[in-house]
Amino acid sequence: STGLITLDDGYVNTGSTKSSVTFLDGEKGILRYRGYPVEKLAESCDFIEVAYLLIYGELPSEDQLARFRLKLRRHTMLHEDMRLFYDGFPRDAHPMAILSSVVGALSTFYQDSLDPHDKAQVDESVLRLLAKLPTIAAFAYKKSIGQPFVYPRNDLTYCENFLQMMFSVPTEPYEIDPDFVEALNLLLIVHADHEQNCSTSTVRMVGSSNANLFASISAGISALWGPLHGGANEACVAMLEQIRKDGGNVKKYVDMAKDKSSSFRLMGFGHRVYKNFDPRATIIRASCEKLLKKRSIDDPIFDIAQQLQEVALNDEYFIERKLYPNVDFYSGVIYRAIGIPVQMFTVLFAIGRLPGWLAHWREMHESPTKKICRPRQIYVGSTEREFVPLEKR
Ligand code: SDX
């Protein structure tokens, strides 16, 4: 029967689970982290404050936040031997491949803190991942452009530190741009969690076998890389660039996306759950307009994105299927304005999503009824058959 089989830990055979991390209403376009509307968090918080909320369940007091930041600062550097990994990657290695490899390899450096049932070890690994992911990411970028790695600076905020590791060079002072820091902080917050999406479910699935946290997050990074998931922000900007080069004819691409004989889809459009506006797209679009206006940046692909939205949202095919811009539709325009190269866009998504992955992994391990995740199937193959020896086939 294809009836729902409810397993002890709340998993049903549709792969659903119980969680208190994030609430999402796809019909109404509502997104809340631990009960707080994402709009409020995006306009009022700093990313590390939101990371604390997702991971530990409450907004931190000033003292708790100060102590959390201090602990993070102890872990921003990589073990010097980890730098040798980068020598082995080809110069044009995709940074998501580097990210998942180096994160997985963290488990070889911290073999004394891999036990998923030891709270102190898990807390230490949470701090190490949150603190090191920006460093691992920035080192991957520097490797790709042949510039020296820039060490983290603990006198800076999380976003300031990432930007200086990405863009500063030994030959001249680097000035941190507060507008870019503000835009990056907002982007990381709106990417921070999204209930049981593909990569978060992957982190839960891998973690459910009691694999260590580094291995689980490395698997989540690989799942996020896919162009139907986190890789869509990179694919979306490539699509907008293509439309620009093709004379800005958005109608042609909207028609292509409707044509079932072509595999072309509007990247950054549609969603498995949202059948209304993705609230994150609304937030990001506003932040985009604010940044481009404030810095008098005229990016033609932002105009193309807005025209594309206009045409698609007035087209029967998209209206009927309730297809709206999602989180990936405008994010790339901001990354470009900040100077982030397109191959790093999904890496930024991973840095943003890390607190959500960590929160879900911890929640799963704290569940008293946790079991290994083992979805069932509906068998549609052959019934039993007589074996035919090789010489008779
Ligand atoms: C993320 O799950 C999450 O929460 C993910 C995420 C997160 O924060 O973790 O929100 C991040 O992954 C956002 C999605 C990023 N991906 C893209 O932007 C890629 C482009 N979008 C699509 O490929 C698509 O919309 C998916 C993959 C997101 C969802 O695909 P589904 O499940 O097939 O979408 P659906 O069932 O709602 O589709 C209904 C119809 C289908 O056509 P019909 O069979 O009814 O004729 O809409 C069509 C689809 O073919 N369709 C599209 C389309 N998206 C869906 N047609 C053209 N262009 C699109 N973008």
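Residues numbered from 1 in each chain as written. Predicted model: local features only at pLDDT ≥ 70, side-chain atom pairs only at ≥ 80, totals over all residues. Heavy atoms only, no water.

S.K.: I keep staring at the site of the ligand and nothing clicks. Help me out?
M.R.: Lining the immediate surroundings of the ligand are 25 residues, of which His194, Arg265, His271, Arg272 and Arg280 lie closest. Between the ligand and His194, the relevant distance is 2.6 Å, taken from an oxygen atom to a side-chain nitrogen or oxygen of the residue. A distance of 2.8 Å separates a nitrogen atom of the ligand from a polar atom in the backbone of Phe269. Here the ligand loses 80% of its free accessible area of 1,000 Å² to cover by the protein chains. Of the residues that constitute the shell around the ligand, the class distribution is 10 nonpolar, 7 polar and 8 charged. (Near = heavy atom within 4 Å. Polar contact = N/O pair within 3.5 Å; in protein donor to acceptor, adjacent residues only side chain to side chain. Areas by Shrake-Rupley, 256 points an atom, 1.4 Å probe, with all protein chains shown as cover. Nonpolar A, V, L, I, M, F, W, Y, C, P; charged D, E, K, R; others polar.)

S.K.: Looking at this structure, how should I read the confidence of the model for the protein?
M.R.: Close inspection of predicted coordinates is inappropriate in any region flagged by low pLDDT. In the predicted model, the protein carries a mean pLDDT of 94, and 96% of its residues have values of at least 70. Confidence over residues 1-14 falls short of pLDDT 50; this stretch has 23 contacts with residues more than four positions distant or in other chains. Scoring the predicted complex yields pTM 0.93 and, for the interface, ipTM 0.94. (pLDDT = per-residue confidence, 0-100. Contact = heavy atoms within 4.5 Å.)

S.K.: Please clarify how the sheet that holds strand β3 (residues 36-37) should be interpreted in this entry.
M.R.: Taken in spatial order, the 3 strands of this open sheet run β1-β2-β3, and their pairing is antiparallel. Edge strands, defined here as strands with exactly one partner in the open sheet, are β1 (22-25) and β3. Pairing geometry for strand β2 (residues 30-33) and β3, over 2 bridges, is antiparallel. In the strand pairing of β3, Tyr33 is matched with Tyr36. (Pairing = 2+ DSSP bridges. Helix = DSSP H or I, 4+ residues; strand = E, 2+ residues; numbered from the N terminus.)

S.K.: Just to check I follow, could you spell out the packing of aromatic side chains for this structure?
M.R.: Note on aromatic pairs: each is described by the distance of the centres and the angle between the planes. Across all of its chains, the model carries 19 aromatic pairs by this definition. Seen in terms of ring centroids, Tyr110 and Phe214 are 6.0 Å apart; in terms of plane orientation they differ by 35 degrees. Their pairing is tilted. Residue Tyr110 is found in the loop between α5 (95-109) and α6 (119-145), and its partner Phe214 is found in helix α10 (residues 213-225); the two are separated by 104 residues along the sequence. Residues Tyr110 and Phe214 agree in their burial class; the two are buried. Taking 5.2 Å as the distance between ring centres and 85 degrees as the angle between the ring planes, the aromatic pair formed by Phe269 and Phe329 counts as edge-to-face. In this pair, Phe269 is assigned in the loop between α12 (250-258) and α13 (279-294) and Phe329 in helix α16 (residues 328-338), connecting sequence segments 60 residues apart. For the residue pair Phe269 and Phe329, the accessibility class agrees, reading buried in each case. What links up through ring pairs into an aromatic cluster is the set Phe269, Phe302, Tyr317, Phe318, Phe329 and Tyr330. The lysine or arginine in question, Arg295, covers the ring of Phe180, its NZ or CZ lying 5.0 Å from the ring centre. (Phe/Tyr/Trp six-rings, centres within 6.5 Å; stacked < 30°, edge-to-face > 60°. Buried < 20%, exposed > 50% of the residue type's maximum accessible area, 1.4 Å probe, protein only. Lys NZ or Arg CZ within 6 Å of the ring centre and 35° of its normal.)

S.K.: I tried to follow the environment of Met364 on my own but got confused; where do I start?
M.R.: With respect to the element layout, Met364 can be found in helix α17 (residues 345-366). Placed 108 residues apart in sequence, Met364 and Met256 show a C-alpha to C-alpha distance of 42 Å. The contacts of Met364, once residues within four sequence positions are left out, are Arg204, Gly207, Ser208 and Lys370.

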